[in-house]
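# A structural walkthrough
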Amino acid sequence: MPVTYKKTVAVLEGVCTVEEAESLLGWLQEHPKGKVNLKKCEHLHAAVLQVLMAAGPDVSVWPEDPGLQGWIETALAGRGAQARK
């Protein structure tokens, strides 16, 4: 499963497809102070990215892949997401 939900963090791993978007949105709505860990994320479907852009959760860990990290940071800049490096 590409998304594991813990008490305060949603951990996204591997390829996160459109199927994860709705459950991630629901979790972020139920956990307004919830964070996302993208360390092992390899790909985000546009729908998942849109959820992150709309909800603006804090990112506890950015992707290991510097290319992926760069475009996600750019996409989330100014949308409320806070980087914790």
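Our structure's up above, just so we're on the same page.
Below: a short report on this structure. From a predicted model like this one, the values you see are computed outputs, not experimental measurements.

### Points about the side chain of Glu 20
One can find Glu 20 in helix H1 (residues 19-30). Buried charged residue Glu 20 carries no salt bridge. Nearest counter-charge: Lys 6, at 17 Å. Apart from the residues lying within four places of it in its own chain, the contact partners of Glu 20 are Pro 2, Val 3, Tyr 5, Val 15 and Val 48.

### A short note on the packing of H1 against helix H2 (residues 46-55)
In a pair of packed helices, the angle between the axes and the distance between the axes together describe the arrangement. Where H1 meets H2, the closest approach of the two axes is 8 Å, and the angle between their N-to-C directions is 15 degrees. With respect to H2, the axis of H1 lies roughly parallel. Taken as a pair, H1 and H2 cross one another with a handedness that is right-handed. Mapping the contact onto sequence places Glu 20, Ala 21, Leu 24, Leu 25 and Leu 28 in H1 and Ala 47, Val 48, Val 51, Leu 52 and Ala 55 in H2. Across the contact of H1 with H2, the residue classes tally to 9 nonpolar, no polar and 1 charged.

### Quick look at the packing of aromatic side chains
Applying the stated criterion to the full structure yields 1 aromatic pair. Between Tyr 5 and Trp 27, the ring centres sit 5.6 Å apart and the planes meet at 35 degrees, which makes this aromatic pair tilted. One end of the pair, Tyr 5, is in strand S1 (residues 3-5); the other, Trp 27, is in helix H1, with 22 residues separating them in the sequence. In this structure Tyr 5 comes out as partly exposed when scored by relative accessible area, which is 30%.

### Focus: the nonpolar core
The biggest cluster of nonpolar side chains holds 23 residues, and the ones touching the most others in it are Leu 12, Leu 24, Leu 38 and Leu 44. Contributing elements (two or more residues each) for this core: strand S2 (9-12), H1, strand S5 (41-44), H2 and helix H3 (66-76). When residues in this core are grouped by element, the largest group, 5 residues, is from H2.

The rules behind each value
- Residues numbered from 1 in each chain as written.
- Predicted model: local features only at pLDDT ≥ 70, side-chain atom pairs only at ≥ 80, totals over all residues.
- Heavy atoms only, no water.
- Helix = DSSP H or I, 4+ residues; strand = E, 2+ residues; numbered from the N terminus.
- Buried < 20%, exposed > 50% of the residue type's maximum accessible area, 1.4 Å probe, protein only.
- Lys, Arg positive; Asp, Glu negative; His and termini not counted.
- Salt bridge = Lys/Arg side-chain N within 4 Å of Asp/Glu carboxyl O.
- Contact = heavy atoms within 4.5 Å.
- Axes fitted to C-alpha atoms, helices over the stretch in contact; angles between N-to-C directions.
- Parallel < 35°, antiparallel > 145°, perpendicular 65-115°, else oblique.
- Left-handed = near helix turned anticlockwise from the far one by under 90°.
- Nonpolar A, V, L, I, M, F, W, Y, C, P; charged D, E, K, R; others polar.
- Phe/Tyr/Trp six-rings, centres within 6.5 Å; stacked < 30°, edge-to-face > 60°.
- Core = buried A, V, L, I, M, F, W, Y, C linked by side-chain atoms within 4.5 Å.

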